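Okay, here's what each chain looks like letter by letter:
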Amino acid sequence: MPAWIALLRAVNVGGTGKLAMSDLKAMCDELGFASAKTYIASGNVVFKSGKPEAAIKAALAKRLETYAGKPVGVLVRSAAEMAQISADNPFPKLAPNRTVALFLDRAPPADALEGVRGQKDEKICLGRRVIYVHYGDGIGSSKLVIPAAKAGTARNMNTVATLAKMAAGL
């Protein structure tokens, strides 16, 4: 059975979208996902499932909406794709805690960088279903706005690498 990673959007950040990771694991278990394990409290879970990506996303999104009473953004990646995202990091010599992968449902549009606002020292690079950003001064002080990433969710490269490793070990 293949390993998958689900990334939830806007969970346990800034006081919104509270979700205990034990509840997330229990939901995955209820949905029949095997060997579910969460990682840090920002909505990351790895598991095994024989279902295709779209079915996993739909089932988890529906279950989370029932739990939260509102839609919760869910992005899903295979273990192989997560490992490739880590390997494809265009900023490998820069601080991994200041470099993020902004996960998207589909490839960013070719003109994704045209609408960018507030860019200072940030470096941006488009990937397959991801936008990589290195925040030179840190994400906390950045004013960067990438409209193409509005419905996505970001994880720093340390988290991406850890999730890839966890999924590979299932």
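Keep in mind it's a predicted model, so treat the numbers as computed, not measured.

A. A look at the packing of helix H3 (residues 79-87) against helix H4 (residues 157-168). At a minimum axis distance of 9 Å, the contact between H3 and H4 shows a crossing angle of 145 degrees. Like other packed secondary-structure pairs, H3 and H4 cross with a definite hand, here left-handed. Side by side, H3 and H4 meet where Ala 79, Met 82, Ala 83, Ile 85 and Ser 86 of the first sit next to Met 157, Val 160, Ala 161, Leu 163, Ala 164 and Ala 167 of the second. Residues that form the contact of H3 with H4 fall into these classes: 10 nonpolar, 1 polar and no charged.

B. Layout of the packing of aromatic side chains. Within this structure, the stated rule accounts for 1 aromatic pair. Pairing Phe 33 with Phe 47 gives two aromatic rings, centres 4.4 Å apart and planes at 10 degrees, and the pair type is stacked. Highlighted residues: Phe 33 in the loop between helix H1 (21-30) and strand E2 (34-38) and Phe 47 in strand E3 (residues 44-48), separated in sequence by 14 residues. Of the residues examined, Phe 47 reaches a relative accessible area of 0% and is grouped as buried.

C. Looking closely at the side chain of Arg 129. The residue Arg 129 is located in the loop between strand E6 (123-126) and strand E7 (130-134) in this model. Using a relative accessible area of 11% as the deciding quantity, one classes Arg 129 as buried. Polar side-chain contacts of Arg 129 include one of 2.8 Å to the side chain of Glu 53. Sequence-distant contacts of Arg 129, that is, excluding residues within four places in its chain, are made with Glu 53, Val 76, Arg 77, Glu 81, Leu 102, Phe 103, Leu 104, Asp 105, Arg 106, Ala 107 and Pro 108.

Reading guide: rules and limits
Throughout, residues of each chain are indexed from 1 in the direction in which the sequence is written. Selection of residues for local features in this predicted model requires a pLDDT of at least 70, selection of side-chain atom pairs for listing and counting requires 80 or more, and totals for whole chains, interfaces and linings are taken over all residues. For side-chain calculations, the full set of non-hydrogen atoms in the structure is used, while hydrogens and water are omitted. To get an axis, a line is fitted to the C-alpha atoms, and for a helix only the part in contact is used. The angle between two axes follows their N-to-C directions and goes from 0 to 180 degrees. Under the scheme used here, helices are H or I runs from DSSP no shorter than 4 residues and strands are E runs no shorter than 2 residues, and both carry numbers assigned from the N terminus. Note on convention: near helix rotated counterclockwise from far helix by under a right angle means a left-handed crossing. Clockwise means right-handed. Residue contacts are counted whenever heavy atoms from the two residues lie within 4.5 Å of one another. For this classification, Asp, Glu, Lys and Arg are treated as charged, while Ala, Val, Leu, Ile, Met, Phe, Trp, Tyr, Cys and Pro are nonpolar and the rest, including Gly, are polar. Pairing of aromatic side chains requires ring centres within 6.5 Å, counting the rings of Phe and Tyr and the six-membered ring of Trp. Pairs whose planes differ by under 30 degrees are stacked, by over 60 edge-to-face, and all others tilted. Relative accessibility decides the category of a residue: with a 1.4 Å probe and only protein chains considered, values under 20% of the type maximum give buried, values over 50% give exposed, and everything between is partly exposed. For the purposes of these results, a polar contact is taken to be a pair of N or O atoms within 3.5 Å, where, inside protein, one atom must be able to donate a hydrogen and its partner to accept one; residues adjacent in sequence count only when each atom of the pair is a side-chain atom.

Honestly, that's just the spatial picture; any functional story needs more than this.
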